[in-house]
Amino acid sequence: MNCYELLHFNFSNIQVARNSVDNALTMESCDKTEPIDILTDARHGTRKNARQTDVICIGNKTKKVVSYKVITCDDDRVAQRHETIGTKRIYEELESKNVHIHKHAHDNNASITKYVRENHTDTINQLDNWHALKQLEKSLKTIAQGPRRTKGIQWHPELEDKPHAVRTHAYYCLMNCDADANKLKAMLLN
């Protein structure tokens, strides 16, 4: 493959990706008056001091990518800020297309929480399922595990093996409640 063919191949792939994202956004927001629910996350090129970060925005209804941004060290030298910068650019892009956001789920990133709280007051900010249930398991461990001297006082040995099982059950309930709060509550209490 010569240089011209390689360049044409890369541009055609980029165009296919853009068309796919545009189609997904159209499917997600078929009624322009209704706001959409999104989930964002970032993937860094390496674990520490990433040269490049991909920030992806997925529509909740279709589970397809409705926007993505690539942030590099040219945008900001500190890799820990890449996710926030990408999220801001995603919001700007969606606003330019007159797409409003009702709920924004993300991993437990304090800077994104702050950005959404201060700049998008009509958007509900929440943790994604995995991180929310991780917090549930962590909270349960406080009453299920601890030092031997507080056994039976602050924590109970009968609950020692339960936090992970409760987390698994809660995840199943979330995935099968059909977004009905009463059904979710009944399933969790089962």
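Caption draft 1: Focus on unusual backbone geometry. Even without being a glycine, Lys63 presents a positive backbone phi close to 60°. With respect to the helices, strands and loops of the structure, Lys63 is situated in the loop between strand S2 (52–59) and strand S3 (65–72). For Asn98, which is not a glycine, the phi torsion comes out positive at approximately 60°. Structurally, Asn98 can be placed in the loop between helix H2 (82–96) and strand S4 (101–106).

Caption draft 2: Spotlight on the side chain of His82. Mapped onto the elements, His82 comes out in helix H2. Reaching out from His82, the side chain makes a polar contact with the side chain of Thr53 at a distance of 2.9 Å. At a separation of 2.8 Å, a polar atom in the side chain of His82 contacts the main-chain carbonyl oxygen of Asp76. Look past the residues within four positions of His82 in its chain and what remains in contact with it is Ala50, Arg51, Thr53, Val55, Ile71, Thr72, Cys73 and Asp76.

Caption draft 3: Molecular detail of the packing of helix H4 (residues 129–144) against helix H5 (residues 163–176). The N-to-C vectors of H4 and H5 enclose an angle of 150°; their axes lie 9 Å apart at closest approach. The angle between H4 and H5 places the two elements in the roughly antiparallel class. The two elements H4 and H5 cross, and the hand of that crossing is right-handed. Contacts from Asn129, Trp130, Leu133, Lys134, Leu136, Glu137, Leu140, Lys141 and Ala144 of H4 reach H5 at Pro163, His164, Val166, Arg167, Ala170, Tyr171, Leu174 and Met175. For the contact of H4 with H5, the residue count by class is 11 nonpolar, 2 polar and 4 charged.

Caption draft 4: Broad picture of the nonpolar core. Counting residues in each nonpolar core, the largest one holds 18 residues, and the members touching the most others are Leu25 and Leu94. Of all the elements in the fold, those that place two or more residues in this core are helix H1 (3–28), strand S1 (36–44), S2, S3, H2 and helix H3 (110–119). Examining the composition of this core, we find that 4 residues originate from one element, H2, more than from any other. When sequence neighbours within four positions are dropped, the list of residues in contact with Leu25 reads Ile36, Val66, Leu94, Lys97 and Val99.

Caption draft 5: Fine view of the environment of Pro147. Residue position: Pro147 is located in the loop between H4 and H5. With relative accessibility at 38%, the residue Pro147 sits in the partly exposed group.

Caption draft 6: Expanded view of the pairing of strand S5 (residues 124–127). The sheet contact formed by S4 and S5 spans 4 bridges and is parallel. Paired with Lys103 across the two strands is Ile124, which belongs to S5. The parallel pair S4 and S5, bridged by H3, forms a crossover whose chirality is right-handed.

Caption draft 7: Main features of the sheet that holds S3. Spatially, S3-S2-S1-S4-S5 is the arrangement adopted by the 5 strands of the open sheet, whose pairing is mixed. With partners counted over all chains shown, the strands left at the sheet margins are S3 and S5, one partner each. Direction aside, the axes of adjacent strands within the sheet are offset by 20° on average. Across the sheet, H3 touches S4 and S5, and the angle it forms with S4 is around 170°.

Caption draft 8: Region of the structure containing the pattern of salt bridges. Per the counting criterion, the structure on display carries 10 salt bridges. Residue Glu93 pairs with Lys69 through a salt bridge whose shortest N-O separation is 2.9 Å. Pair noted here: Glu93 is in helix H2 and Lys69 is in strand S3, with a separation of 24 residues, a long-range link. Arg89 is the salt-bridge partner of Asp75, the closest N and O atoms lying 3.4 Å from each other. Of this pair, Asp75 sits in the loop between S3 and H2 while Arg89 is found in helix H2, placing the two residues 14 residues apart along the sequence. Classification of Arg89 as partly exposed rests on a relative accessible area of 33%.

What counts and what doesn't
- Residues numbered from 1 in each chain as written.
- Predicted model: local features only at pLDDT ≥ 70, side-chain atom pairs only at ≥ 80, totals over all residues.
- Heavy atoms only, no water.
- Helix = DSSP H or I, 4+ residues; strand = E, 2+ residues; numbered from the N terminus.
- Polar contact = N/O pair within 3.5 Å; in protein donor to acceptor, adjacent residues only side chain to side chain.
- Contact = heavy atoms within 4.5 Å.
- Axes fitted to C-alpha atoms, helices over the stretch in contact; angles between N-to-C directions.
- Parallel < 35°, antiparallel > 145°, perpendicular 65-115°, else oblique.
- Left-handed = near helix turned anticlockwise from the far one by under 90°.
- Nonpolar A, V, L, I, M, F, W, Y, C, P; charged D, E, K, R; others polar.
- Core = buried A, V, L, I, M, F, W, Y, C linked by side-chain atoms within 4.5 Å.
- Buried < 20%, exposed > 50% of the residue type's maximum accessible area, 1.4 Å probe, protein only.
- Pairing = 2+ DSSP bridges.
- Right-handed = clockwise from strand over helix to strand, strands pointing away.
- Salt bridge = Lys/Arg side-chain N within 4 Å of Asp/Glu carboxyl O.

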